[in-house]
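# Summary of the model geometry
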Amino acid sequence: MTGPLRYILAAALLGAAAAAGAADMKAGEAKAKEVCQACHGLDGNNPTPDYPKLGGQRPDYLAKALRDYKSGARKNAIMASFAGTLSPQDIANLAAYYAAQPPVLVVTH
Amino acid sequence: MMLTRSLTAFALLALPLLAWSQAAPSGDPVAGQRKTQMCAGCHSIPGWRTAYPEVYGVPKIGGQHPAYIVKSLQAYKSGERNHPSMRAIAATLSDQDMADLAAYYGATEPRTASK
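Structural notes, computed from the coordinates. (Residues numbered from 1 in each chain as written. Chains lettered and ligands numbered in written order. Predicted model: local features only at pLDDT ≥ 70, side-chain atom pairs only at ≥ 80, totals over all residues.)

### Brief notes about the overall build of chain A
How we decide: Here a strand is any run of E in DSSP of at least two residues, a helix any run of H or I of at least four, and the numbering for each starts at the N terminus. Partly exposed residues are those whose C-beta has more than 12 but fewer than 20 other C-beta atoms within 10 Å; with 20 or more the residue is buried, with 12 or fewer it is exposed, and the C-beta atoms are placed from the backbone. Residue pairs qualify as contacts under a 7 Å threshold applied to their C-beta atoms, which are placed from the backbone.
A tally of helices and strands in chain A yields five helices and zero strands. The buried share of chain A, reckoned over its 109 residues, is 37%. Taking all contacts inside chain A whose residues are at least 6 apart in sequence as the whole, residues at least 24 apart take part in 69%.

### Considering the nonpolar core
Heads up, the condition is: For this analysis, nonpolar core means a set of buried Ala, Val, Leu, Ile, Met, Phe, Trp, Tyr and Cys residues linked through C-beta atoms within 7 Å.
Core analysis: the biggest nonpolar cluster contains 16 residues, and A:Leu62, A:Ala63, A:Leu66, A:Ile91, A:Leu94, A:Ala95 and A:Tyr98 have the highest contact counts within it. Only α2 (25–40), α3 (59–71) and α5 (88–99) of chain A provide two or more residues apiece to this core. Considering every element that reaches this core, the biggest residue donor is α5(A), with seven residues. In contact with A:Ala95, other than residues within four places in its own chain, are A:Pro59, A:Leu62 and A:Ala63. Residues B:Leu73, B:Ala99, B:Leu101 and B:Ala102 belong to the second largest nonpolar core, which totals 13 residues.

### Structural notes on α5(A)
Quick reminder: α-helices carry 3.6 residues per turn. Residues three or four places apart thus point the same way. Formally: In this analysis, the expected span of each helix is defined as 1.5 Å times one less than the number of residues it contains.
Taking 1.5 Å of rise per residue, the twelve residues of α5(A) would be expected to cover 16 Å, and the 17 Å separating its terminal C-alpha atoms lies within 8% of that figure. All buried positions along α5(A) are accounted for by A:Asp90, A:Ile91, A:Ala92, A:Asn93, A:Leu94, A:Ala95, A:Tyr97, A:Tyr98 and A:Ala99.

### Here we look at the environment of B:Trp48
Residues and elements named next belong to chain B. Tracing the backbone shows Trp48 in the loop between α3 (37–43) and α4 (66–78). Separated by twelve residues in sequence, Trp48 and Lys60 place their C-alpha atoms 9.8 Å apart. Sequence-distant contacts of Trp48, defined by excluding residues within four places in its chain, comprise Cys42 and Val58.

### What about the environment of A:Thr48?
Among the structural elements, A:Thr48 can be located in the loop between α2 and α3. Here the alpha-carbon distance between A:Thr48 and A:Lys70, two residues 22 residues apart in the chain, equals 23 Å.

### Concerning the interface of chain B and chain A
We apply this condition: Only Asp, Glu, Lys and Arg are considered charged in this grouping, and only Ala, Val, Leu, Ile, Met, Phe, Trp, Tyr, Cys and Pro are considered nonpolar; every other residue, Gly among them, is considered polar.
Each partner contributes residues to the interface: chain B has 24 residues there, and chain A has 21 residues. Sort the elements by how many residues they give to the side of chain B that touches chain A and α4(B) lands first, with three residues. Classifying every residue of the side of chain B that touches chain A gives eight nonpolar, nine polar and seven charged.

### What to know about the packing of α3(A) against α5(A)
Residue and element names in this part refer to chain A. As a reminder, the rule being used: For helices, the fitted axis covers only the stretch in contact; all axes are lines through C-alpha atoms, and the angles between them, taken along N-to-C directions, range from 0 to 180 degrees. Roughly parallel means an angle under 35 degrees; roughly antiparallel means over 145; roughly perpendicular covers 65 to 115; every other angle is labelled oblique. By definition, any crossing whose near helix is turned counterclockwise from its far helix by less than a right angle is left-handed, and any crossing with a clockwise turn is right-handed.
Contact geometry of α3 with α5 gives a least axis separation of 8 Å together with a crossing angle of 140°. The orientation of α3 relative to α5 falls into the category oblique. Note that α3 runs across α5; the crossing there is right-handed. Here α3 contributes Pro59, Leu62, Ala63, Leu66 and Arg67 to the contact with α5, which in turn contributes Ile91, Ala92, Leu94, Ala95, Ala96, Tyr98 and Ala99. The residue inventory of the contact of α3 with α5, partitioned by class, reads eleven nonpolar, no polar and one charged.

Next up, the structure:
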């Protein structure tokens, strides 16, 4: 890809990122209570072995996972139905919220 | 009638054995630690990001549920999850490798905590 097209694409991507807006932790917590808590826990440290812990996970990974569930790129019947209801702003809020919970997940050396 | 009963009884007795023989291997964290060469280059570096096909922070896996780690690796191996490097790496792992890695990374006591 060369020339102006590259800049147009970059501008479009930046625009999409900006459209999601700054993450709102309070709104993220409210949405987590509504949608995520039953399986993942409000702090992301759920005891259910089949469901991932989310507390302290990297926010851009969480957002990507939700986008992929919503688009169908990542296939999971349960998550598809929940992620399908989330707006880009909800996804940004939830990703920021769970990333900020006590880090039950760590980088292991 | 007698035969049907015997067969039913046999099936009832045999089913749990069959289920047991197909159960996932149990993981050995020490063996898992020896198999992390392919994982560490991304998952052991705080703040590391993917390069392709999308850029985002590599997920933290230390302290994750072992069952979920195994499920993720199986999904990469089967193609159900589609990250290119993870698919290539998971394709080389046996069920035992996955169980061992899950036992290592999923250990509840993190060896090194890093946010």
